[in-house]
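Structural characterization, general
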Amino acid sequence: MIDPVSLGRHLHDLRASRGLALTALAGQAGVSVSMLSAIERGEKTPTVVVLSRIADGLGLPVSRLLAGLENDRVIVRRAAEQDHLTEPGGWHRTVLTPVVPGVNFEWIRTTLPPGCDAGVFPAYAPGSHEFVAVESGELRLGVGDTEYVLAAGDSVYFPADVGHSYANRTGKPCVYHVAALIMRPRKTG
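The present account deals with the structure reproduced in this document. (Residues numbered from 1 in each chain as written. Predicted model: local features only at pLDDT ≥ 70, side-chain atom pairs only at ≥ 80, totals over all residues. Heavy atoms only, no water.)

1. Remarks on the packing of aromatic side chains
Scanning all chains against the criterion turns up four aromatic pairs. Ring centres 5.0 Å apart and planes at 45 degrees place the aromatic pair Phe131 and Tyr157 in the tilted group. Within this pair, whereas Phe131 is found in strand 5 (residues 129–136), its partner Tyr157 is found in strand 8 (residues 155–159), the two being separated by 26 residues in sequence. According to the relative accessible area criterion, Phe131 is partly exposed, its value standing at 45%. In this structure Tyr157 comes out as partly exposed when scored by relative accessible area, which is 39%. With centroids separated by 5.2 Å and ring planes inclined at 15 degrees, the aromatic side chains of Tyr166 and Tyr176 adopt a geometry described as stacked. (Phe/Tyr/Trp six-rings, centres within 6.5 Å; stacked < 30°, edge-to-face > 60°. Helix = DSSP H or I, 4+ residues; strand = E, 2+ residues; numbered from the N terminus. Buried < 20%, exposed > 50% of the residue type's maximum accessible area, 1.4 Å probe, protein only.)

2. What to know about the environment of Thr170
As for its placement among the helices and strands, Thr170 is situated in the loop between strand 9 (164–167) and strand 10 (174–181). The exposure class assigned to Thr170 is partly exposed, which follows from its relative accessible area of 26%. Sequence-wise, Thr170 and Gly57 are 113 residues apart; in three dimensions their C-alpha atoms are separated by 61 Å. Polar contacts involving the side chain of Thr170 include one to the side chain of Asn168, which spans 2.7 Å. Polar contacts involving the side chain of Thr170 include one to the main-chain carbonyl oxygen of Lys172, which spans 3.0 Å. (Polar contact = N/O pair within 3.5 Å; in protein donor to acceptor, adjacent residues only side chain to side chain.)

3. Re the pairing of strand 10
Of all eight residues in strand 10, seven are buried; the element is thus mostly enclosed. Across eight bridges, the pairing between strand 3 (residues 105–112) and strand 10 is antiparallel. Looking across to strand 10, one finds that Phe105 is bridged to Leu181. Pairing geometry for strand 5 and strand 10, over seven bridges, is antiparallel. Paired with Glu130 across the two strands is Ala180, which belongs to strand 10. (Pairing = 2+ DSSP bridges.)

4. Remarks on the layout of surface pockets
In this structure, the second largest pocket encloses a volume near 230 Å³. Contributing to the lining of the second largest pocket are 15 residues, with Arg93, Ile108, Phe121, Tyr124 and Val178 lying nearest its centre. Elements with a minimum of two residues in the lining of the second largest pocket: strand 2 (92–95), strand 3, strand 9 and strand 10. Taken together, the residues that form the lining of the second largest pocket break down as ten nonpolar, two polar and three charged. (1 Å grid on protein atoms, 1.4 Å probe; cavity = no way out; pocket = protein on both sides within 12 Å on 5 of 7 lines; lining within 4 Å. Points joined across faces, edges and corners; volume = space filled by probe spheres on them. Nonpolar A, V, L, I, M, F, W, Y, C, P; charged D, E, K, R; others polar.)

5. Details of the sheet that holds strand 9
The strand order across the open sheet formed by four strands is 4-9-6-7, and the pairing between neighbours is antiparallel. The strands lining the two open edges of the sheet, one partner per strand, are strand 4 (117–121) and strand 7 (146–151). Sheet twist, expressed as the average angle between the axes of neighbouring strands with direction ignored, equals 15 degrees. As judged from the six bridges shared by strand 6 (residues 138–143) and strand 7, these two strands associate in the antiparallel manner. Along strand 7, the bridge assignment pairs Val143 with Thr146. (Axes fitted to C-alpha atoms, helices over the stretch in contact; angles between N-to-C directions.)

6. Remarks on the sheet that holds strand 5
One open sheet accounts for six strands, arranged 1-2-3-10-5-8; its pairing is antiparallel. Here the strands that pair on one side only, and so sit at the sheet edges, are strand 1 (83–86) and strand 8. The average undirected angle you get between the axes of adjacent strands in this sheet is 20 degrees.

7. Observations regarding helix 1 (residues 4–17)
Counting along an α-helix, one turn takes 3.6 residues, and residues three or four places apart therefore face a common direction. An ideal rise of 1.5 Å per residue puts 20 Å on 14 residues; helix 1 measures up with 20 Å between its terminal C-alpha atoms. Here helix 1 has its buried residues at Pro4, Leu7, Gly8, Leu11, Leu14 and Arg15. Seen end-on, helix 1 carries its buried residues on one side only, within an arc spanning 130 degrees. Turned more than 90 degrees from where helix 1 packs its buried face, Arg9 and Ser17 sit exposed. (Expected span 1.5 Å × (residues − 1). Arc of directions from axis to C-beta.)

Take it as geometry only, folks, not as evidence of what the structure does.
So this is what it looks like as structure tokens:
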């Protein structure tokens, strides 16, 4: 995995060492100035196509542009380091995933107490996805105007670009996991 901040610094240094202004490299690479600037600041992770264009603009093969940046970063998030959030109504969320710059993926374990309605979550940007798996109990999942009743062991996928809701209308707790790919920037600190 390549750290976007390290890539941005490296790209800036390569551009500066060639005496190229941001606008000059953008023109040579066929990439917008705003995109190139965001990549240099580590705010955007470029696609392979954009990386290839930038490498061409610098007169380098992509492998040379990325040399020394690739590292297999493993991020271990111990149980004590996970974010535990207690929401109004008594439901509890544990964010299991670490924040990784440029990756808008979240894995959350949620416990809804008996009779708890977590409410309606607004639609996320187009291209967002959610996967839900029920560990125990019964979950009422609303997606748009349709409600689905899920039991322990059941799982579901839905495009998360519609309003959705989670509720437990039984007398026993419900535990479920949400794996979400949300198309929005994530904050890293």
